[in-house]
Structures are given as structure tokens and as C-alpha cells.
Amino acid sequence: MTDILQTLVSGIAIGCLYAVLSLGFVIVARASGILNLAQGSFVVLGAYLAYALIHQAGLPIWVGVIIAMAAVALFAVLLEAFVIHRVTDHFVALLVTFGVTIAVAPIITAIWPGDSLNLDDPWALEVIRVAGIGITARDATLIPITAVLLLGFFLFFRFTRIGLSLRATAIDSEAAMAQGVSTRTVYGISWGIAGALGAFGGIILSTTVGGGVRPGLEVYAFLALPVIILGGLESPLGAVVGGLVIGIVQQFSVTLVPEDWGSGFAEVVPYLVMLVILLIRPAGLFGRKEIRRA
Amino acid sequence: MTVTTPDTVLARSTRAHAPRLFDTWTKKILAIVFVVAIIAIPLNIGDSYVLTVLTTAAVAAIATTGLNLLTGYAGQISLGHAFFVGAGAFTGQVLGGQLGLPFLLWLPLSALFAGALGALVAPFALRLRGPYLAIVSLGLVYIGIYAARNLTGFTGGLNGTVVTAPVSIGPVDFAALQIGPFLLSREQGMFILCWTILALVLLATANIVRSRSGRAMQAIRDHDLAAEVLGVRRLPSMMNAFIISSVLGGLAGGLLGVVLQYIRPENFGLELSIQYVAIIVIGGLASIWGPVLGSLFIGLVPVLAIWLAEYLPFISKPGEQGGMSVSGFGLSVYGILIIVFLLFRRGGLISFFNIPRRRAAATRNASPTDTTGTTSSSDTASSTHATSASEPAPEEPTTEKEGHSS
């Protein structure tokens, strides 16, 4: 029983990370219909900027994290305004955002070389024991923070004027424009949020035990793609639920799958779940079936 | 060129209207020059490094011709083309090396195996409109590497495998080719083999593109709803494009195996897929020669990076720590070029050579030297139609290339 609970808790911890990463994709997809693969570059930038601010500039960790998130949000807004906004169709936008990730990641890892840069997070290897279940101090801190962050976004979407205009643009951008919503501002804000979330995700990724800030972080951003297919491409709730489901399934596959299935099976589990979902419910758990009118 | 009017889409009896393969004298002459060059270049260049770079470019061009059919002509983005190339490469070694099948059997079979994998995946990825194929294909890369690492009996696992598959058709062995009195080296033979297969692939692709199924893909790409109203079924058409592209990927994979002679699962990761995407974007989406041009261009990037490492301090020399690795430099160049070409030159490198016919006549009269400069604006305008996936273009239903000026 404790084994199962133990796995569940670590699954939720990974799920929170997936939720954060995929929410970044979903927010942009909802506002502008673009699958923003530049999210990978936000993750890399966030992690390395946080490293530079905390480790090299000597700022306290939370200040560093917040400045890094703000800086990446600014990068995302500028990227949208100067590059993505010039592109009219989604086909090209997908390729351009992919190009951004490919171009940025090697440059960043060349500026801060090293296989594993320590972020100096305060948790070290402490483990808190609650009713026989060991929770690392990192998970114990990050799960509530992520929960608060996600809750904050939902309240923002539900109860603020900007949140309302974001939702209106998502439903029908032309109608929203007619009501006086500036779609450019909306796109900017949604990209900014995606940038901040991506940076936060990158920082969480870098605090895993034995991980650190390392090359190849952008690949983890792509792990959020199965999540958004599971949850539905444009559903924020789906991103959170899908993230948790995939995180938990992945952790259980680590413990339950027999040895002879080979190494690295857990890493492909999200993609296998994705294929199953595409087979039985292609629009995702919370996605609507698309109805098109000419 | 390929104006898809209602009756060409609907009726089978209108095949006679399919555009001609070589519609101008320039194209005919260029095709002949290309065929002659396949034999002439290896006979005159003995340098094995140059030949290997060119041969690898030919293999990449075969793979990307497939990808271009899917992305350029059918408007579906695949980030996992390396999966099919890898499948072809390892199947080639299993069939040709382990089972000892002859070249003419193992190469087509490994291409077909990759095609079968494509057929298996296609229904998952193509059921819905949207970026699903991009996501699913990205997943395929990771699933493929996992499978290749763990099927140690076939792939050699992490260590990879030496490729021993034969490359001889009957008595003609391309590893030691005899032309008249000349005994050619393996590099020279492989050059002839790969470029010949590329020529055949290009011919086949050009024919697919101008046939009904090819025009159906382009119609779906340009406006799927309109195409469906005209009787083109979306899913079969897209599956068709995807399966052909997988077959060509597998074909390229089989050849890549015998060119490299040593393959590992890591060779077929996301990096290779990125390279392929870069090739078709830089070369020119929805064009026959674009992938060839792009492959030659991208083939030069690592060569250039190693050369530049001497002069630029931020690129680390091979075997040195610190700075940007040569592969990292290559990746950022691909990324930047993808962005730059998509933003400023949608038609890719090939659009510098495609001069709209009427303009060409006008400039020939005015000044024969200044051609690219004056035509660039109209070029990009019409190539927007050629590459746009979702943009409806009601006044100009389907244009294959920039050559058709409205």
C-alpha cells in the first residue's frame, strides 16, 4: 500500500511539471491556434538564466527564479511581436517556432558549457516522512507552489478583464475584436504567460536529483506534447489533468514494468499513452470534436 | 502548371491533362546534364572525402524528397522522418547482412517495411486536422530509438552494428566497380549508385505529383473542405502521401546504412529529423529539385563548420572542450535558416532559379543580367500560395510551383 502511495506521490510531482509545461502550449494554442514548439527554447532559457542569476550573480534563489521567468516572458513577447506575428498560417508558424528552439538551445548551452550545472536549490536530498511515505523536500515544496500557480491562472482567466479577453479571443477572435478586444495584446499576454511557465518548468526540471541545468532540456518540453493530446489541444483543464495522469502512469511504469522490457521504457510511456488516446478518443479527454463550416 | 480544376480532380478520363514532365527545353537539358554528371563527377573526382559528402547528400535528398511530398505537397509536417530512415537502415542490415539477401531484394524490402510502419502509424496521426502528425512523429523518434536500443538481436543495441549488406546487382558490385579499364573505389561506386537511385526517385516523385493522387494531395493542402466537396477523400489522400514518404525514408535509410557502413540507434534521433526539415525548407517546399539543392547546401554546413572552427573562436575544434560544438553550430544554423527562409523567402533556394515565364521574357528584353533581383517580389508572392497549408486561395486553386504566374 505504501509502495503504491509512494509511487503516486512521485507521479504527482512529475505530473505537476508536465502540467506547467503543457499549460504553456495550451495557452498559446487557445489564443492563436499555433502549436508553439518554441516552448522548448523557453525551458532552456529559463533554466540557464536562473543558473546565471543565482549562481553567477549571487541572487537569492526565489529572486533569481522570478527574474528569470520575467526575462523569458519578455523574450516570448518579443518573439511573438517580431517573428511569429509576421507569419500568417499555422503550418509555417509551427516550423518557425521549431526553428527557434533548434537555434536557441545550442547557443545557450555554448554560453554556459557543462554537463550538469548545479542550481544551488535549497532542498538537497532531504526527505520528509509522512505516514511511511517519503517525500523529497523538493517535491513537498514544488507540488504546492505549482498548485498555487495553476490556481492563480484559473482565477486570472475566470475573473479578470484580461482573462476574459483571452477567453473571448480563443472562442472567436473576430467577434472579440469587434467588441474592442485588442488581439495583439491578447497574443502578447498569452505568449508572455507561456514564456513564464516554460521558464518555471525549466527551473523545476533542473532541480531533479542528479539532474542540474544541462544540455537537452528542450527535449523535456516536448514531453508535454503527449499531455496536450491526452487533455485536448486547447483545454487548460485537460493540460493539468493530462499532466497528472501521464506523470502517474509514467511513475507506475517505472516500478511495475518488468526488467526485460528494456531500458528507457518509462521515457516512451507518454508517447505510447498518446497513441492509445489517438486511437480511442482522438480529440483528447477534454477536447471538443471539431465541427467545421466553410 | 498543375491547375486543379474540378474535372481534373473528378474524372479519371482526364489524365491526358496532367502537366508534362519536362515542359521546357531548359528542363530537358538540365535533366540530361544531371544524368551525365552522375557518371562524370565520380570519374573525375578521386577525393574520397568530397565524394562521401556528395553521396551522403544524395541519400539525404532521397529521404527529403519523401518528406517534401508529405510536407510540401500534402501540407503535413513530420518531425519524425528519421524514424523511417532508421527503420530502413536497420532492416537493410538484417535482411542484407544477417540473412544475406541480394541488393535488389533487401533494399526494396527495407523500404517497404518502413512503408508498412508508416501505414500503421498514419491512421493515428492523420484522423484529425491540426498539428497532430508533427506531435505523433516526434514521439515516433523516441519510440524508435527505444526500440532500436532494446532489439539488440537486430540492431546491436547501444553499440550499433556494422553494415555488411551487399551492394551488387548481379555481377556489378558497386563497392568495386569496373567501368572499361578503370577500377573505381568504393566511394566512387557508392556515388554512382546513390545518385542514380536519387534520379529514379525524382522521376517517380515528379510523376506522382502530376498524377491524380499527387494533385489530390495538393488540393487537400490548399483547401481541404473545397477538395472534399470535389470528391477528394482527405484521409486516404493524406495516408497515401505519408506512406510514400515513409517508403522513400526507408529507401534512403537502407542506402545510408551501406554508405556509413556502421549505424547506431543515436544516428536516427531528432537531430537527423531536424536536418531533414531544414533541407526541405531551405531547398524549397513543394518543388522537385528543392530537396536536392537543400541537401547539397546542408551537406556543406558541417564541412563549413569544421573549416570555420579555425577562424571563429566560439566554435570548438573537434575533440576540444568549451565553446560550441560543430554539431551544435550546425543545429543553430539550421534553426536560423529555417526561420529566415520561412519569413523572407518562402520558396526556398529553388525559387532563385524559378523565374516566372512572363517576367523572364520581359527581363530578357530589358536586361539579361538582372533577373533574380527584379523577380523576387512576385516570386515570394506566388510561392506563398505554393506552400500555404491552410490559407484558402480561391482565385488560384492549386499551383504547384512559382512557374505558373497568374
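Residues numbered from 1 in each chain as written. Chains lettered and ligands numbered in written order. Predicted model: local features only at pLDDT ≥ 70, side-chain atom pairs only at ≥ 80, totals over all residues. Heavy atoms only, no water.

Novice: For this particular structure, what's the right way to read the overall build of chain B?
Specialist: Along its length, chain B carries 16 helices and six strands. For chain B, the share of sequence-separated contacts (at least 6 apart) that also reach a separation of at least 24 residues comes to 74%. Within the structure as shown, chain B displays about 16900 Å² of accessible surface, and the carbon and sulfur contribution to it stands at 67%. (Helix = DSSP H or I, 4+ residues; strand = E, 2+ residues; numbered from the N terminus. Contact = heavy atoms within 4.5 Å. Areas by Shrake-Rupley, 256 points an atom, 1.4 Å probe, with all protein chains shown as cover.)

Novice: What is the right way to read the overall build of chain A from this model?
Specialist: Counting secondary structure elements, chain A contains 12 helices and two strands. Compactness check: chain A gives a C-alpha radius of gyration of 19 Å against a globular reference of 19 Å for 294 residues, within 12% of the reference. Projected onto its principal axes, the C-alpha positions of chain A cover 55 × 50 × 35 Å. Long-range pairs, those at least 24 residues apart, make up 74% of the contacts in chain A with a sequence separation of at least 6. In the form shown here, chain A has an accessible surface area of approximately 12700 Å², with 66% of it arising from carbon and sulfur atoms. Distance from the positive charge centre (14 side chains) to the negative charge centre (16 side chains) of chain A: 15 Å. (Rg over C-alpha atoms; globule rule 2.2 N^0.38 Å. Lys, Arg positive; Asp, Glu negative; His and termini not counted. Charge placed at Lys NZ, Arg CZ, Asp CG, Glu CD.)

Novice: What's the story with helix α12 (residues 265-280) of chain A in this structure? I'm lost.
Specialist: Helix length check: α12 of chain A, at 16 residues, gives a terminal C-alpha distance of 22 Å against a target of 22 Å (1.5 Å per residue), a fit within 8%. The largest bend in α12 of chain A amounts to roughly 25 degrees and is located at Y271 of chain A. Every buried residue of α12 of chain A is accounted for by F265, A266, V268, V269, P270, Y271, V273, M274, L275, I277 and L278 of chain A. On its buried face, α12 of chain A is in contact with α9 (217-222), α10 (224-231) and α11 (236-256) of chain A together with α5 (103-126) and α6 (132-150) of chain B. (Expected span 1.5 Å × (residues − 1). Bend = angle between axes of the 7 residues up to and from the residue. Buried < 20%, exposed > 50% of the residue type's maximum accessible area, 1.4 Å probe, protein only.)

Novice: Where do I start with the packing of aromatic side chains in this structure?
Specialist: In this description, a pair of aromatic rings is defined by centroid distance and the angle of the planes. All names here are of chain B. All told, the structure shown has 14 aromatic pairs over all chains when counted by the stated rule. An aromatic cluster is built from F34, F191, W195 and W289, whose rings are joined through pairwise contacts. Its guanidinium or amino end placed over the ring of F352, R345 lies 4.0 Å from that ring's centre, counting from NZ or CZ. (Phe/Tyr/Trp six-rings, centres within 6.5 Å; stacked < 30°, edge-to-face > 60°. Lys NZ or Arg CZ within 6 Å of the ring centre and 35° of its normal.)

Novice: Before we go on, may I ask you to explain the nonpolar core in this structure?
Specialist: In a soluble, globular protein the nonpolar side chains are often hidden away together inside. Within the largest apolar cluster, 202 residues are counted, with the highest numbers of intra-cluster contacts made by L37, F222 and L225 of chain A together with I197 and L198 of chain B. By residue number, the principal contributor to this core is helix α8 (residues 186-210) of chain B, which donates 13 residues. What L225 of chain A contacts, discounting residues up to four positions off in sequence, is F25, L35 and L37 of chain A together with I135 and L138 of chain B. Judged by nonpolar contacts, the second largest core, of six residues, contains A110 of chain A together with A305, L308 and F329 of chain B. (Core = buried A, V, L, I, M, F, W, Y, C linked by side-chain atoms within 4.5 Å.)

Novice: What am I meant to see in the environment of A131 of chain A here?
Specialist: Structurally, the position occupied by A131 of chain A is in the loop between β1 (127-130) and β2 (133-136). A sequence separation of 129 residues divides A131 of chain A from T2 of chain A, and the C-alpha atoms of the two residues are 8.6 Å apart.

Novice: So what exactly am I meant to see when it comes to unusual backbone geometry here?
Specialist: The phi torsion of most residues other than glycine is negative, and most of the peptide bonds are trans. Residue and element names in this part refer to chain B. A positive phi angle is found at Q261, which is not glycine, with a value near 70 degrees. Taking the relative accessible area as the measure of exposure, Q261 reaches 35% and is therefore partly exposed. Backbone geometry places A286, a non-glycine residue, at a positive phi of 55 degrees. Structurally, the position occupied by A286 is in the loop between α12 (270-283) and α13 (290-308). Residue classification places A286 among the buried positions, given a relative accessible area of 2%.

Novice: Looking at this structure, I do not really get the packing of α5 of chain B against α6 of chain B. What am I missing?
Specialist: Each pair of packed helices gets described by two things: the angle between the helix axes and the distance between those axes. Residue and element names in this part refer to chain B. Contact geometry of α5 with α6 gives a least axis separation of 8 Å together with a crossing angle of 140 degrees. By the angle class used here, α5 and α6 are oblique. As α5 runs across α6, the sense of the crossing is right-handed. Residues V121, A125 and L126 of α5 touch α6, and the partners they reach there are Y132, L133, V136 and L140. Taken together, the residues of the contact of α5 with α6 sort by class into seven nonpolar, no polar and no charged. (Axes fitted to C-alpha atoms, helices over the stretch in contact; angles between N-to-C directions. Parallel < 35°, antiparallel > 145°, perpendicular 65-115°, else oblique. Left-handed = near helix turned anticlockwise from the far one by under 90°. Nonpolar A, V, L, I, M, F, W, Y, C, P; charged D, E, K, R; others polar.)

Novice: It is not clear to me how the interface of chain A and chain B should be interpreted in this structure. Could you clarify?
Specialist: Accessible area lost upon the coming together of the parts serves often as the stated size of an interface. Across the boundary between the two partners, chain A contributes 45 residues, which contact 45 residues of chain B. For the pair chain A and chain B, the summed buried area comes to about 4100 Å², and 78% of that belongs to carbon and sulfur atoms. Counting the contacts that link chain A with chain B gives one salt bridge. Between chain A and chain B we count two residue pairs in polar contact (both at pLDDT 80 or more) in total. Mapped onto the side of chain A that touches chain B, the elements with two or more residues apiece are α4 (90-111), α9, α10 and α12 of chain A. Among the elements that make up the side of chain A that touches chain B, the one with the highest residue count is α4 of chain A (14 residues). Of the residues contributing to the side of chain A that touches chain B, the split by class is 34 nonpolar, six polar and five charged. (Buried area = accessible area lost by both parts, 1.4 Å probe. Salt bridge = Lys/Arg side-chain N within 4 Å of Asp/Glu carboxyl O. Polar contact = N/O pair within 3.5 Å; in protein donor to acceptor, adjacent residues only side chain to side chain.)

Novice: Can you help me understand the side chain of S351 of chain B in this one?
Specialist: Residue and element names in this part refer to chain B. Mapped onto the elements of the fold, S351 is located in the loop between α14 (326-344) and α15 (357-366). For S351, a relative accessible area of 2% puts it in the buried group. There is a polar contact of 2.7 Å between the side chain of S351 and the backbone oxygen of G348.

Novice: Explanation requested: the pattern of salt bridges in the structure shown.
Specialist: If the charged atoms of two oppositely charged side chains come close together, the side chains can form a pair. Applying the stated criterion across every chain yields a total of three salt bridges over all chains. A salt bridge links R346 of chain B to D89 of chain A; its shortest N-O distance comes to 3.8 Å. Placement of the pair is R346 of chain B in the loop between α14 and α15 and D89 of chain A in the loop between α3 (61-82) and α4, with the two residues belonging to separate chains. Since its relative accessible area comes to 12%, R346 of chain B is described here as buried. Judged by its relative accessible area of 2%, D89 of chain A falls in the buried class.

Novice: Whenever I open this one, the pairing of β1 of chain A confuses me. Can you help?
Specialist: Every regular strand shows the same layout, with side chains that alternate between the two sheet faces. Residues and elements named next belong to chain A. When β1 meets β2, the two strands line up antiparallel, connected through four bridges. Its bridge partner lying in β2, I128 is registered against I135. The hairpin turn running from β1 into β2, its antiparallel successor, is two residues long, and A131 in that turn takes a positive phi close to 50 degrees. (Pairing = 2+ DSSP bridges.)

Novice: Please explain the packing of helix α1 (residues 2-32) of chain A against helix α8 (residues 183-206) of chain A as it appears in this structure.
Specialist: Residues and elements named next belong to chain A. Between α1 and α8, the least distance of the axes is 8 Å, while the angle of their chain directions is 165 degrees. Accordingly, the angle class assigned to the pair α1 and α8 is roughly antiparallel. Classified by chirality, the crossing of α8 by α1 is left-handed. Judged by residue contacts, L17, V20, L21, L23, G24, I27, V28, A31 and S32 of α1 engage V186, Y187, S190, W191, I193, A194, L197, G198, F200, G201, I204 and L205 from α8. Partitioning the contact of α1 with α8 into residue classes produces 16 nonpolar, five polar and no charged.

Novice: What am I meant to see in a nonpolar patch on the surface here?
Specialist: A contiguous nonpolar surface patch, about 440 Å² in accessible area, is contributed by I107 and I111 of chain A together with I336, V340 and F344 of chain B. Listing elements by their share of the nonpolar patch, those giving two or more residues are α4 of chain A together with α14 of chain B. It is α14 of chain B that contributes the most residues to the nonpolar patch, three residues altogether. By the secondary structure assignment, I107 of chain A is in helix α4. (Patch = residues over 30% accessible without salt bridge, like charges linked within 9 Å, V, L, I, M, F, W, Y side chains within 5 Å.)

Novice: What exactly am I supposed to notice about the confidence of the model for chain B here?
Specialist: Should pLDDT be low for a region, the predicted coordinates there are not to be read in detail. All names here are of chain B. Residues at a pLDDT of 70 or more form 80% of chain B, whose mean pLDDT is 81. Ranking the elements of chain B by mean pLDDT puts helix α16 (residues 372-387) last, at 39, and helix α11 (residues 234-260) first, at 95. Scored below 50 in pLDDT, residues 367-406 shows 94 contacts in the model against residues more than four places distant or in partner chains. (pLDDT = per-residue confidence, 0-100.)

Novice: Teacher, can you tell me more about the confidence of the model for chain A here?
Specialist: Averaged over every residue, the pLDDT of chain A is 86; residues scoring 70 or more account for 95%. The weakest mean pLDDT in chain A belongs to β1 of chain A at 73; the strongest belongs to α3 of chain A at 93.

Novice: Whenever I open this one, the side chain of S246 of chain B confuses me. Can you help?
Specialist: Take S246 of chain B: it is sitting in helix α11. For S246 of chain B, a relative accessible area of 0% translates into the label buried.

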